[in-house]
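# Examination of the molecular architecture
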Amino acid sequence: MAEAEWWQRGLVYQVYPRSFQDSDGDGIGDLDGIRRRLDHLVWMGVDALWISPVFPSPMKDFGYDIADYCGIDPIFGDMDAFDRLLREVHARGLKLILDLVPNHSSDQHPWFRESRASRHSPRRDWYIWRDPAPEGGPPNNWLSEFGGSAWQFDEASGQYYYHAFLPEQPDLNWRNPAVRAAMHDAMRFWLDKGVDGFRVDVMWHLIKDDQFRDNPENPGAGPGGAPAGRLIPEFSADRPEVHEVVAGLRAVMDAYPARVLIGEIWLPPERLVRYYGANLQGAHLPFNFQLIDAPWDARLIAGLIDRYEAALPPGGWPNWVLGNHDRSRIASRVGPRQARVAALLLLTLRGTPTLYYGDEIGMTDVPIPPERVRDPYEKNVPGLGLGRDPVRTPMPWDGSANAGFCPPGATPWLPLGADGAGPTVARQREEPDSLLQLYRRLIALRRMEPALSLGSYVAVPAGGQVLAYERHHGDRRLLVVLNLGGDAGVLPLAVPGRVLLSSGGHAVGAALSGRLDLEPGEGVILALQPG
Ligand code: NOJ
Ligand code: MG
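What comes next is a walk through the structure. (Residues numbered from 1 in each chain as written. Chains lettered and ligands numbered in written order. Predicted model: local features only at pLDDT ≥ 70, side-chain atom pairs only at ≥ 80, totals over all residues. Heavy atoms only, no water.)

## Digging into the packing of aromatic side chains
The test is simple: Side-chain rings of Phe, Tyr and Trp (the six-membered ring for Trp) are treated as a pair once their centres are within 6.5 Å; stacked means planes under 30 degrees apart, edge-to-face means over 60, and tilted covers the remaining angles. For helices the rule is a DSSP run of H or I covering at least 4 residues; for strands it is a run of E covering at least 2, with both sets numbered from the N terminus onward. Burial classification: accessible surface area is computed with a 1.4 Å probe over protein chains only, and a residue below 20% of its type maximum counts as buried, one above 50% as exposed, and the rest as partly exposed.
What the rule picks out here adds up to 28 aromatic pairs. Judged by centre distance (5.6 Å) and plane angle (20 degrees), the rings of Tyr69 and Trp111 are stacked. Taken together, the residues Tyr69 in the loop between strand S2 (48-51) and helix H4 (79-91) and Trp111 in helix H5 (residues 110-117) connect sequence positions 42 residues apart. Classification of Tyr69 as buried rests on a relative accessible area of 5%. Residue Trp111 is classed as buried on the basis of its relative accessible area of 14%. Judged by centre distance (4.9 Å) and plane angle (90 degrees), the ring pair of Phe189 and Trp190 falls under edge-to-face. A relative accessible area of 2% places Trp190 in the buried class. Among the aromatic residues, those joined into a cluster by ring pairs are Tyr13, Phe20, Tyr356, Tyr357 and Trp397.

Right, dumping it as structure tokens:
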């Protein structure tokens, strides 16, 4: 695999543009801000950045409601600012991945305005319109991810339209070839500029049942969960026809060299991997979110790695995601000590790692006072802990006012974490043992060691909270041993080795044989003696 693609070797870093760096003092991050902070990414060793949507939007779902697929929202800058960013990203040898949101547009998109204008509008069929049920009310029982029915009644035309998310995010009708053609054109607009790929929002939602059958009840739904969890989305998502749509997106990408198609897909491994497509003509990387969902338990995680590796189609390239703008941050999920182990795990598993901004310094979920809540999810179904504002707070760069995120006089759109005592990039750059320095060392090691970036994965039996595996490339054999528990751990060593990196007390270069003793929450990478 000497000729691996950049997206196989590289680390993807997700930037949430509103919260990375504000350059104009409105308290909201923007494109010039991201450009100013590229040094941080280069210093860390990141290969590609994926930025969440920056297109014109009423911001009902903070950019995931798009009113123009080929523009830039003034909050983030303008097309010149975008072109400047893309140029500088490329000048530094980085790649830029945009967020494509093809499942739904904003209700303010001209397409939807036209569609809604009348039953006879030429664009009526660009969205999903249905008559009320015979006895009145919504056409079926489908639920919105953000609470309530997924059907919105339109008084003027007497029909309902479908929205998997907010009513302000009507779903496009991907059975309509004109919709496909229009979205393909939008993709080409950015690809022609030189954008290196897309992360496709809710890829598994793109096609719904053509008969609009009711979704079955979910017997496993418990109280306090997401409201849409009441039903199993059997007929509203992950339909067989979706794969043909994905292949269509891929065909657009394949007309350009070296681009990557990433799919956001929340499904169990066996269904997830179908999104690689027949003959691998689907997504290059169907996002694998298992580390976000799994309890932090060595045996469970060992099992899910095996299950995922076994499910992958031949030639399908794996990937692992540790966090994103929709879920609790890793440092909040597992605590500061285990966040270091998580860094080792992410950077040593087989497959492309994706890292969420701020996780490299151990940012935690920031409590949001009720009057500062911005996320529509929290507003719709308050108090369930589903709101995503806590994981979208501004990046703390340094100890200056507003943590260097926005000018001193400005008010950041979401509160910064607690006080000056929290982690900052500047502080962690000074501390040799910081999480940030650990990430940087890991990324450098991964770049140096083809065994880590491209090598095979071999599970190693271990007990208790110890997770162990080898990565092989040619003669090179690396052993990764992680202690996911709060007690000391041990792994017998069949072959002697030398420490390449430790998140705890083991000195780099130390020779070990017989056994490896781990501190609570320590992770170690060993180079094993060639046999
Ligand atoms: C998934 C995105 O990650 C999330 O932030 C958004 O609200 C929904 N899709 C709807 O676009
Ligand atoms: Mg700004």
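Moving on from the model shown.
## Things to note about the coordination of the magnesium ion (ligand 2)
Ideal values differ by geometry: the angle at a metal is 109.5 degrees with four tetrahedral donors, but 90 or 180 degrees with six octahedral donors. Let me state the cut-off plainly: Metal coordination here is assigned from N, O and S atoms located within 2.8 Å of the ion, or within 3.2 Å for Na, K and Ca; omission of water means that sites may look incomplete.
Bound to the magnesium ion (ligand 2) are the protein donor atoms Asp22 (OD), Asp24 (OD), Asp26 (OD), Ile28 (O) and Asp30 (OD), situated 2.2 to 2.3 Å from the metal. Considered as a linear motif, the donors of the magnesium ion (ligand 2) on their single chain read D-x1-D-x1-D-x1-I-x1-D. Here Asp22 and Asp30 have matching classes, each one buried.

## Notes on the site of ligand 1
This is how the line gets drawn: The cutoff for a nearby residue is simple: one of its non-hydrogen atoms must lie within 4 Å of the molecule or strand. Any pair of N or O atoms that falls within 3.5 Å is considered a polar contact. Within protein, one atom must be able to donate a hydrogen and the other to accept it, and sequence-neighbouring residues count only if both atoms are side-chain atoms. Just so you know the grouping, Ala, Val, Leu, Ile, Met, Phe, Trp, Tyr, Cys and Pro go in nonpolar, Asp, Glu, Lys and Arg go in charged, and all remaining residues, Gly too, go in polar.
If you check the shell around ligand 1, you find 14 residues, and the closest are Asp61, Asp201, His325, Asp326 and Arg388. Within the side chain of Asp61, a nitrogen or oxygen atom sits 2.6 Å from an oxygen atom of ligand 1. Between ligand 1 and Arg199 there is a distance of 3.0 Å, counted from an oxygen atom to a side-chain nitrogen or oxygen. A per-class count over the shell around ligand 1 returns 4 nonpolar, 3 polar and 7 charged.

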